[in-house]
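Structure at a glance
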Amino acid sequence: MTRLRALVALVALIVAGGLVAVIPPTPASAAACSAAWQASAVYWGDAQVSHNGRNYRAKWWTQNEAPPGTTGVWEDLGACGGGTTPPTGTCAYPNWAAGTWYAAGAIVRYTNGLYYVAEHDNPGYDPIVSTWYWEPYTCGGQPTTPPPTNPGGFVVTEAQFNQMFPGRNSFYTYSGLVAALSAYPAFARTGSATVQRQEAAAFLANVYHETGGLVHIVEQNTANYPHYCDPGQPYGCPAGQAAYYGRGPIQLSWNFNYNAAGNALNLPLLTNPWLVQTDAAVAWKTGIWYWMTQNGPGTMTAHNAMVNGAGFGQTIRSINGSIECNGGNPAQVQSRVTRYQQFVGILGVAAGANLYC
(Lines give C-alpha, C1' and ligand atoms only; values in the text may rest on other atoms or scores of the structure.)
Protein backbone atom coordinates (compact mmCIF):
# COMPACT_ATOMS: atom_id res chain seq x y z
CA MET A 1 0.00 0.00 0.00
CA THR A 2 2.87 2.32 0.85
CA ARG A 3 4.50 1.58 -2.51
CA LEU A 4 1.25 2.32 -4.31
CA ARG A 5 0.92 5.73 -2.57
CA ALA A 6 4.53 6.51 -3.47
CA LEU A 7 3.95 5.63 -7.14
CA VAL A 8 0.83 7.80 -7.28
CA ALA A 9 2.73 10.67 -5.72
CA LEU A 10 5.56 10.27 -8.25
CA VAL A 11 3.16 10.35 -11.18
CA ALA A 12 1.46 13.45 -9.75
CA LEU A 13 4.85 15.10 -9.38
CA ILE A 14 5.83 14.34 -12.97
CA VAL A 15 2.52 15.64 -14.27
CA ALA A 16 2.80 18.79 -12.20
CA GLY A 17 6.28 19.37 -13.57
CA GLY A 18 5.18 18.95 -17.18
CA LEU A 19 7.39 15.92 -17.66
CA VAL A 20 4.84 13.45 -18.95
CA ALA A 21 6.17 11.60 -22.02
CA VAL A 22 3.77 9.52 -24.05
CA ILE A 23 5.52 6.69 -25.81
CA PRO A 24 3.28 5.40 -28.58
CA PRO A 25 3.40 1.80 -29.66
CA THR A 26 5.70 1.10 -32.56
CA PRO A 27 3.56 1.20 -35.68
CA ALA A 28 3.79 -1.46 -38.34
CA SER A 29 5.73 -0.36 -41.40
CA ALA A 30 3.46 1.18 -44.03
CA ALA A 31 3.35 -0.46 -47.43
CA ALA A 32 5.24 1.20 -50.26
CA CYS A 33 3.13 3.57 -52.31
CA SER A 34 2.07 2.45 -55.76
CA ALA A 35 2.43 4.83 -58.70
CA ALA A 36 0.43 8.00 -58.13
CA TRP A 37 -3.11 8.12 -59.52
CA GLN A 38 -3.42 10.16 -62.73
CA ALA A 39 -6.72 11.68 -63.87
CA SER A 40 -6.03 11.03 -67.56
CA ALA A 41 -4.91 7.43 -67.13
CA VAL A 42 -7.12 4.44 -67.85
CA TYR A 43 -7.05 1.78 -65.12
CA TRP A 44 -8.22 -1.79 -65.55
CA GLY A 45 -9.32 -4.23 -62.86
CA ASP A 46 -6.56 -5.01 -60.29
CA ALA A 47 -4.51 -1.92 -61.23
CA GLN A 48 -3.00 -0.34 -58.10
CA VAL A 49 -2.38 3.36 -57.45
CA SER A 50 -1.62 5.65 -54.54
CA HIS A 51 -3.48 8.85 -53.62
CA ASN A 52 -3.11 11.12 -50.59
CA GLY A 53 -0.89 8.63 -48.77
CA ARG A 54 -3.04 5.54 -49.33
CA ASN A 55 -2.95 2.65 -51.81
CA TYR A 56 -6.01 1.66 -53.80
CA ARG A 57 -6.91 -1.19 -56.16
CA ALA A 58 -9.29 -0.78 -59.08
CA LYS A 59 -12.12 -3.32 -59.08
CA TRP A 60 -13.00 -2.64 -62.70
CA TRP A 61 -12.24 -0.20 -65.53
CA THR A 62 -12.10 3.44 -64.44
CA GLN A 63 -10.82 6.82 -65.58
CA ASN A 64 -10.87 10.28 -64.03
CA GLU A 65 -12.35 9.15 -60.69
CA ALA A 66 -9.96 9.99 -57.87
CA PRO A 67 -9.70 7.43 -55.06
CA PRO A 68 -11.56 6.70 -52.88
CA GLY A 69 -14.23 7.76 -55.37
CA THR A 70 -18.02 7.59 -55.14
CA THR A 71 -18.89 4.54 -57.27
CA GLY A 72 -17.09 1.87 -55.27
CA VAL A 73 -14.57 1.21 -58.02
CA TRP A 74 -11.59 1.76 -55.68
CA GLU A 75 -10.71 -0.68 -52.89
CA ASP A 76 -8.76 1.00 -50.08
CA LEU A 77 -5.61 -1.02 -49.39
CA GLY A 78 -4.46 1.13 -46.49
CA ALA A 79 -1.83 3.73 -45.76
CA CYS A 80 1.40 3.72 -47.71
CA GLY A 81 4.81 5.09 -46.96
CA GLY A 82 5.93 6.85 -50.12
CA GLY A 83 7.79 4.06 -51.84
CA THR A 84 10.32 6.26 -53.58
CA THR A 85 13.38 5.30 -51.50
CA PRO A 86 13.69 1.60 -50.78
CA PRO A 87 15.32 0.26 -47.64
CA THR A 88 18.88 -0.82 -48.31
CA GLY A 89 18.94 -4.37 -49.56
CA THR A 90 15.18 -4.84 -49.62
CA CYS A 91 12.43 -4.03 -52.11
CA ALA A 92 8.76 -3.53 -51.37
CA TYR A 93 7.55 -1.99 -54.62
CA PRO A 94 4.20 -2.78 -56.25
CA ASN A 95 3.80 -5.26 -59.05
CA TRP A 96 3.86 -3.79 -62.54
CA ALA A 97 0.38 -3.61 -64.10
CA ALA A 98 -0.18 -3.10 -67.81
CA GLY A 99 -2.36 -0.09 -68.53
CA THR A 100 -1.41 1.76 -65.34
CA TRP A 101 0.13 5.20 -65.73
CA TYR A 102 3.70 5.38 -64.40
CA ALA A 103 5.48 8.67 -63.85
CA ALA A 104 9.24 8.93 -64.30
CA GLY A 105 10.91 7.57 -61.19
CA ALA A 106 8.23 4.99 -60.42
CA ILE A 107 9.64 1.61 -59.42
CA VAL A 108 7.83 -1.66 -60.04
CA ARG A 109 8.30 -5.39 -59.61
CA TYR A 110 7.95 -7.14 -62.96
CA THR A 111 6.55 -10.64 -63.52
CA ASN A 112 10.09 -12.05 -63.67
CA GLY A 113 10.65 -10.96 -60.05
CA LEU A 114 13.06 -8.16 -61.00
CA TYR A 115 12.59 -4.43 -60.42
CA TYR A 116 12.52 -1.61 -62.95
CA VAL A 117 12.49 2.17 -62.66
CA ALA A 118 10.60 4.36 -65.15
CA GLU A 119 12.96 6.61 -67.07
CA HIS A 120 10.07 8.46 -68.72
CA ASP A 121 6.34 8.81 -68.07
CA ASN A 122 4.44 5.98 -69.74
CA PRO A 123 1.00 4.32 -69.74
CA GLY A 124 2.15 0.94 -68.49
CA TYR A 125 4.51 -0.18 -71.24
CA ASP A 126 6.20 -3.54 -70.69
CA PRO A 127 9.54 -2.96 -68.86
CA ILE A 128 11.44 -5.63 -70.80
CA VAL A 129 10.11 -4.49 -74.17
CA SER A 130 9.95 -0.69 -73.94
CA THR A 131 13.51 -0.26 -72.75
CA TRP A 132 13.54 3.46 -73.54
CA TYR A 133 10.93 3.94 -70.80
CA TRP A 134 12.34 1.54 -68.20
CA GLU A 135 15.68 0.41 -66.91
CA PRO A 136 16.57 -2.34 -64.43
CA TYR A 137 16.70 -1.32 -60.76
CA THR A 138 18.32 -2.89 -57.71
CA CYS A 139 17.08 -2.64 -54.14
CA GLY A 140 20.18 -0.73 -53.13
CA GLY A 141 19.00 2.20 -55.20
CA GLN A 142 21.45 1.84 -58.10
CA PRO A 143 20.56 0.71 -61.61
CA THR A 144 21.85 -2.72 -62.48
CA THR A 145 24.44 -3.08 -65.19
CA PRO A 146 22.78 -1.41 -68.16
CA PRO A 147 21.84 -3.61 -71.07
CA PRO A 148 24.19 -3.49 -74.06
CA THR A 149 23.54 -0.76 -76.58
CA ASN A 150 21.33 -1.96 -79.39
CA PRO A 151 23.54 -3.33 -82.17
CA GLY A 152 24.03 -0.77 -84.87
CA GLY A 153 22.16 1.83 -82.79
CA PHE A 154 18.82 0.55 -84.11
CA VAL A 155 15.83 1.96 -82.22
CA VAL A 156 14.10 -1.43 -82.17
CA THR A 157 15.54 -3.93 -79.71
CA GLU A 158 15.67 -7.64 -80.44
CA ALA A 159 12.98 -8.24 -77.81
CA GLN A 160 10.71 -5.71 -79.51
CA PHE A 161 11.44 -7.23 -82.92
CA ASN A 162 10.50 -10.67 -81.61
CA GLN A 163 7.31 -9.26 -80.11
CA MET A 164 6.38 -7.73 -83.47
CA PHE A 165 7.04 -10.95 -85.40
CA PRO A 166 6.32 -13.87 -83.07
CA GLY A 167 5.74 -16.31 -85.94
CA ARG A 168 8.47 -15.15 -88.31
CA ASN A 169 10.47 -17.40 -90.59
CA SER A 170 13.90 -18.09 -89.08
CA PHE A 171 15.43 -16.69 -92.28
CA TYR A 172 14.51 -13.16 -91.25
CA THR A 173 17.00 -12.69 -88.44
CA TYR A 174 17.33 -9.61 -86.27
CA SER A 175 21.10 -9.76 -86.80
CA GLY A 176 20.53 -9.66 -90.56
CA LEU A 177 18.40 -6.56 -90.18
CA VAL A 178 21.03 -4.85 -88.02
CA ALA A 179 23.77 -5.79 -90.49
CA ALA A 180 21.74 -4.18 -93.29
CA LEU A 181 21.52 -0.81 -91.52
CA SER A 182 25.01 0.16 -92.65
CA ALA A 183 23.78 0.42 -96.24
CA TYR A 184 21.64 3.47 -95.39
CA PRO A 185 22.75 5.15 -92.14
CA ALA A 186 19.91 7.71 -92.33
CA PHE A 187 17.27 4.97 -91.99
CA ALA A 188 15.52 5.28 -88.60
CA ARG A 189 18.23 7.70 -87.46
CA THR A 190 16.86 10.94 -88.89
CA GLY A 191 14.98 13.49 -86.82
CA SER A 192 13.85 13.27 -83.21
CA ALA A 193 13.76 10.05 -81.18
CA THR A 194 10.01 9.93 -81.83
CA VAL A 195 10.40 10.28 -85.59
CA GLN A 196 13.09 7.60 -85.64
CA ARG A 197 10.79 5.15 -83.87
CA GLN A 198 7.87 6.09 -86.09
CA GLU A 199 9.93 5.39 -89.20
CA ALA A 200 11.13 2.04 -87.89
CA ALA A 201 7.55 1.11 -86.97
CA ALA A 202 6.28 2.20 -90.40
CA PHE A 203 8.90 0.17 -92.24
CA LEU A 204 8.30 -2.94 -90.16
CA ALA A 205 4.51 -2.60 -90.38
CA ASN A 206 4.68 -2.54 -94.18
CA VAL A 207 7.15 -5.42 -94.09
CA TYR A 208 4.73 -7.37 -91.92
CA HIS A 209 1.93 -6.82 -94.42
CA GLU A 210 4.05 -7.71 -97.45
CA THR A 211 5.32 -11.00 -95.99
CA GLY A 212 2.48 -12.19 -93.78
CA GLY A 213 4.44 -11.40 -90.62
CA LEU A 214 7.90 -12.19 -92.05
CA VAL A 215 6.71 -15.67 -92.93
CA HIS A 216 7.13 -15.57 -96.72
CA ILE A 217 10.56 -15.16 -98.26
CA VAL A 218 9.36 -15.35 -101.87
CA GLU A 219 6.17 -14.47 -103.69
CA GLN A 220 3.61 -17.23 -103.23
CA ASN A 221 1.85 -17.00 -106.61
CA THR A 222 4.30 -18.77 -108.90
CA ALA A 223 2.09 -18.05 -111.91
CA ASN A 224 3.32 -14.45 -111.72
CA TYR A 225 7.00 -15.35 -111.96
CA PRO A 226 7.40 -15.07 -115.77
CA HIS A 227 5.72 -11.65 -115.81
CA TYR A 228 8.49 -9.70 -114.05
CA CYS A 229 10.95 -9.53 -116.94
CA ASP A 230 10.88 -6.31 -118.93
CA PRO A 231 12.72 -7.25 -122.14
CA GLY A 232 12.85 -3.62 -123.18
CA GLN A 233 15.62 -2.93 -120.68
CA PRO A 234 19.08 -2.80 -122.33
CA TYR A 235 20.45 -5.40 -119.90
CA GLY A 236 17.54 -7.78 -120.45
CA CYS A 237 16.93 -10.66 -118.03
CA PRO A 238 20.24 -12.55 -117.80
CA ALA A 239 19.06 -14.73 -114.91
CA GLY A 240 16.08 -15.98 -116.92
CA GLN A 241 12.59 -14.91 -117.86
CA ALA A 242 11.06 -16.11 -114.57
CA ALA A 243 13.89 -15.16 -112.18
CA TYR A 244 12.74 -11.74 -110.98
CA TYR A 245 9.75 -12.64 -108.82
CA GLY A 246 9.10 -11.01 -105.46
CA ARG A 247 11.63 -11.72 -102.73
CA GLY A 248 12.55 -10.35 -99.34
CA PRO A 249 10.79 -8.14 -96.79
CA ILE A 250 9.30 -5.74 -99.37
CA GLN A 251 9.05 -8.41 -102.09
CA LEU A 252 11.54 -6.92 -104.58
CA SER A 253 10.39 -7.75 -108.12
CA TRP A 254 11.09 -6.91 -111.79
CA ASN A 255 14.46 -7.05 -113.50
CA PHE A 256 14.85 -3.25 -113.43
CA ASN A 257 14.43 -3.16 -109.67
CA TYR A 258 16.94 -5.97 -109.17
CA ASN A 259 19.35 -4.10 -111.42
CA ALA A 260 18.91 -0.78 -109.62
CA ALA A 261 19.15 -2.32 -106.16
CA GLY A 262 22.21 -4.34 -107.15
CA ASN A 263 23.96 -1.24 -108.48
CA ALA A 264 23.13 0.77 -105.35
CA LEU A 265 24.20 -1.98 -102.96
CA ASN A 266 27.16 -3.20 -105.05
CA LEU A 267 25.61 -6.67 -105.32
CA PRO A 268 25.16 -8.84 -108.47
CA LEU A 269 21.40 -9.00 -108.11
CA LEU A 270 20.65 -8.79 -111.84
CA THR A 271 22.58 -11.97 -112.54
CA ASN A 272 21.98 -13.61 -109.16
CA PRO A 273 18.59 -12.48 -107.81
CA TRP A 274 18.50 -15.59 -105.60
CA LEU A 275 20.82 -13.82 -103.17
CA VAL A 276 17.73 -12.02 -101.83
CA GLN A 277 16.22 -15.32 -100.70
CA THR A 278 19.39 -16.95 -99.38
CA ASP A 279 21.16 -14.12 -97.48
CA ALA A 280 19.17 -12.40 -94.73
CA ALA A 281 21.33 -9.25 -94.71
CA VAL A 282 20.93 -8.90 -98.49
CA ALA A 283 17.18 -9.38 -98.20
CA TRP A 284 16.93 -6.66 -95.55
CA LYS A 285 19.18 -4.36 -97.59
CA THR A 286 16.88 -4.56 -100.60
CA GLY A 287 13.91 -3.67 -98.42
CA ILE A 288 15.71 -0.67 -96.94
CA TRP A 289 16.96 0.32 -100.41
CA TYR A 290 13.41 0.54 -101.71
CA TRP A 291 12.26 2.38 -98.60
CA MET A 292 15.03 4.97 -98.78
CA THR A 293 15.37 5.59 -102.51
CA GLN A 294 12.23 4.67 -104.45
CA ASN A 295 9.05 6.69 -104.88
CA GLY A 296 7.32 3.74 -106.48
CA PRO A 297 3.85 4.84 -107.59
CA GLY A 298 3.91 7.66 -105.02
CA THR A 299 5.42 11.13 -105.08
CA MET A 300 8.07 10.64 -102.41
CA THR A 301 10.12 7.92 -100.80
CA ALA A 302 8.67 6.21 -97.76
CA HIS A 303 11.64 7.53 -95.75
CA ASN A 304 10.85 11.12 -96.71
CA ALA A 305 7.18 10.58 -95.95
CA MET A 306 8.01 9.68 -92.36
CA VAL A 307 10.80 12.15 -91.60
CA ASN A 308 9.12 15.13 -93.29
CA GLY A 309 5.74 14.65 -91.64
CA ALA A 310 3.70 13.48 -94.65
CA GLY A 311 2.58 10.50 -92.59
CA PHE A 312 2.26 6.75 -92.75
CA GLY A 313 -0.35 6.87 -95.49
CA GLN A 314 2.23 8.08 -97.99
CA THR A 315 4.44 5.07 -97.30
CA ILE A 316 1.54 2.89 -98.47
CA ARG A 317 1.21 4.98 -101.62
CA SER A 318 4.93 4.63 -102.34
CA ILE A 319 4.67 0.85 -102.11
CA ASN A 320 1.33 0.08 -103.78
CA GLY A 321 -0.14 3.35 -105.04
CA SER A 322 -3.68 3.28 -106.41
CA ILE A 323 -3.87 -0.50 -106.06
CA GLU A 324 -4.66 0.22 -102.40
CA CYS A 325 -4.94 4.01 -102.06
CA ASN A 326 -7.79 6.32 -103.13
CA GLY A 327 -10.30 3.59 -102.28
CA GLY A 328 -8.50 0.93 -104.31
CA ASN A 329 -8.43 -1.57 -101.45
CA PRO A 330 -9.33 0.00 -98.11
CA ALA A 331 -9.10 -3.34 -96.27
CA GLN A 332 -5.43 -3.67 -97.21
CA VAL A 333 -4.76 -0.08 -96.17
CA GLN A 334 -6.46 -0.70 -92.84
CA SER A 335 -4.37 -3.82 -92.32
CA ARG A 336 -1.18 -1.79 -92.71
CA VAL A 337 -2.44 1.03 -90.50
CA THR A 338 -3.51 -1.34 -87.74
CA ARG A 339 -0.11 -3.00 -87.73
CA TYR A 340 1.64 0.38 -87.65
CA GLN A 341 -0.44 1.47 -84.67
CA GLN A 342 0.48 -1.74 -82.88
CA PHE A 343 4.18 -1.28 -83.58
CA VAL A 344 4.39 2.35 -82.47
CA GLY A 345 2.71 1.17 -79.28
CA ILE A 346 5.47 -1.37 -78.75
CA LEU A 347 8.07 1.36 -79.34
CA GLY A 348 6.24 3.79 -77.06
CA VAL A 349 5.47 6.66 -79.43
CA ALA A 350 2.36 8.20 -80.99
CA ALA A 351 1.35 7.19 -84.50
CA GLY A 352 1.21 10.75 -85.83
CA ALA A 353 -1.19 12.19 -88.41
CA ASN A 354 -2.16 11.21 -91.96
CA LEU A 355 -2.32 7.46 -91.44
CA TYR A 356 -4.38 6.73 -94.58
CA CYS A 357 -3.88 7.29 -98.27
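Description of the structure in this document. Predicted, not measured: the structure shown is a model, and the values here were computed from it.

**Topic: the overall build of the protein chain**
On a plain count of helices and strands, the protein chain comes out with ten helices and eight strands. Each of the 357 residues in the protein chain was classed as buried or not, and the buried ones make up 44%. Carbon and sulfur atoms make up 56% of the accessible area of the protein chain, which totals about 17,200 Å².

**Focus on the sheet that holds strand β6 (residues 107-109)**
On the basis of which strands lie adjacent, the open sheet formed by three strands has the order β6-β7-β8 and antiparallel pairing. Edge strands, defined here as strands with exactly one partner in the open sheet, are β6 and β8 (134-137). On average, each strand axis in the sheet is tilted by 35 degrees relative to the strand beside it, whichever way the strands run. Direction of pairing for β6 relative to strand β7 (residues 115-118): antiparallel, over a ladder of three bridges. Its bridge partner lying in β7, I107 is registered against V117.

**So, helix α9 (residues 312-320)**
Judged by how many residues are buried, α9 sits mostly within the fold: eight of nine residues are covered. Listed as buried for α9 are F312, G313, Q314, T315, I316, R317, S318 and I319. Where α9 is buried, its residues touch α4 (193-211), α7 (280-293), α8 (302-307) and α10 (330-347). Just downstream of α9 lies G321, where phi reads positive at about 50 degrees.

**Quick look at the sheet that holds strand β2 (residues 48-51)**
A sheet is described by the order of its strands in space; here three strands give the open sequence β2-β3-β5, paired in antiparallel fashion. The open sheet terminates on both sides in strands that have one partner only, identified here as β2 and β5 (74-79). The mean angle between the axes of side-by-side strands here comes to 30 degrees, regardless of whether they run parallel or antiparallel. Taken together, the four bridges between β2 and strand β3 (residues 54-58) define a ladder with antiparallel strand orientation. When the bridges of β3 are listed, Q48 appears paired with R57.

**Some points on the side chain of T315**
Mapping T315 onto the fold places it in helix α9. In contact with T315, other than residues within four places in its own chain, are N206, W291, A302, A305 and M306.

**Re helix α5 (residues 255-265)**
Inspection of α5 places N255, N257, Y258, N259, A261, G262 and L265 among the buried residues, and these make up the whole buried set. On its buried face, α5 is in contact with α6 (275-278) and α7.

**Section: the nonpolar core**
Counting residues in hydrophobic clusters, the biggest one holds 68 residues, and the most contacted among them are F154, F187, W284, W291 and Y340. Of all elements in the fold, only α2 (158-164), α3 (174-180), α4, α5, α7, α8, α9 and α10 reach the threshold of two or more residues within this core. When residues of this core are assigned to their parent elements, the largest contribution, nine residues, is made by α7. F187 has contacts with F154, L181, E199, F203, I288, W291 and M292, leaving out every residue within four places of it along the chain. Listed in part, the twelve residues of the second largest apolar core include W96, Y102, A106 and Y125.

**Some remarks on the packing of α5 against α7**
Here α5 crosses α7 at 100 degrees, and the two axes come no closer than 10 Å. By the angle between their axes, α5 is roughly perpendicular relative to α7. Counting all contacts with α5, which are made through N257, A260, A261, A264 and L265, the residues of α7 involved are K285, T286 and W289. Split into classes, the residues belonging to the contact of α5 with α7 amount to five nonpolar, two polar and one charged.

**Quick look at the pattern of salt bridges**
All told, the structure shown has four salt bridges when counted by the stated rule. One network of salt bridges, in which partners are shared, links E210, E324 and R336.

**Observations concerning the state of the cysteines**
A covalent bond between the sulfur atoms of two cysteines is what we call a disulfide. A full pass over the atoms with the stated rule returns three disulfides. A sulfur-sulfur distance of 1.8 Å marks the disulfide that ties C229 to C237. With the S-S bond torsion at 105 degrees, the cross-link from C229 to C237 turns out right-handed. Per residue, the accessibility class of C229 equals that of C237, and both read buried. Each disulfide pairs two cysteine sulfurs, and for C325 the partner residue is C357, the sulfurs being separated by 2.0 Å. Here the disulfide of C325 and C357 is left-handed, its torsion about the S-S bond being about -90 degrees. Taken together, the positions of C325 in the loop between α9 and α10 and C357 in the segment after α10 put the pair 32 residues apart, joining distant regions of the chain. For C325, a relative accessible area of 1% corresponds to the buried category. Of the residues examined, C357 reaches a relative accessible area of 18% and is grouped as buried.

So, how was this worked out
Here, residues in each chain are numbered from 1, in the same order as that chain's written sequence. With the structure being a predicted model, the display of local features is reserved for residues of pLDDT at least 70 and the display and counting of side-chain atom pairs for 80 or more, all residues being used for whole-chain, interface and lining totals. Side-chain metrics rest on all non-hydrogen atoms present in the structure, leaving aside hydrogens and water. Under the scheme used here, helices are H or I runs from DSSP no shorter than 4 residues and strands are E runs no shorter than 2 residues, and both carry numbers assigned from the N terminus. Burial status follows relative accessibility: with a 1.4 Å probe on protein chains alone, a residue under 20% of its type maximum counts as buried, one over 50% as exposed, and anything between as partly exposed. Only the protein chains shown count as covering a residue, and every accessible area follows the Shrake-Rupley method with a 1.4 Å probe. Pairing between two strands is assigned when DSSP locates at least 2 bridges connecting them. Axis geometry follows a simple rule: fit a line to the C-alpha atoms, using only the stretch in contact for helices, then measure angles between N-to-C directions, giving values from 0 to 180 degrees. Residue contacts follow a heavy-atom distance rule, with two residues in contact if any of their heavy atoms lie within 4.5 Å. Side-chain atoms within 4.5 Å link the members of a nonpolar core, which is a set of buried Ala, Val, Leu, Ile, Met, Phe, Trp, Tyr and Cys residues. Orientation labels follow simple angle bins: below 35 degrees gives roughly parallel, above 145 gives roughly antiparallel, 65 to 115 gives roughly perpendicular, and whatever is left gives oblique. Throughout this entry, Asp, Glu, Lys and Arg are counted as charged residues, while Ala, Val, Leu, Ile, Met, Phe, Trp, Tyr, Cys and Pro are counted as nonpolar. The remaining residues, Gly among them, count as polar. Salt bridge, as used here, is a side-chain nitrogen of Lys or Arg placed within 4 Å of a carboxyl oxygen of Asp or Glu. Only a pair of cysteine sulfur atoms within 2.5 Å counts as a disulfide in this structure description.

The values are spatial; any link to function lies outside them.
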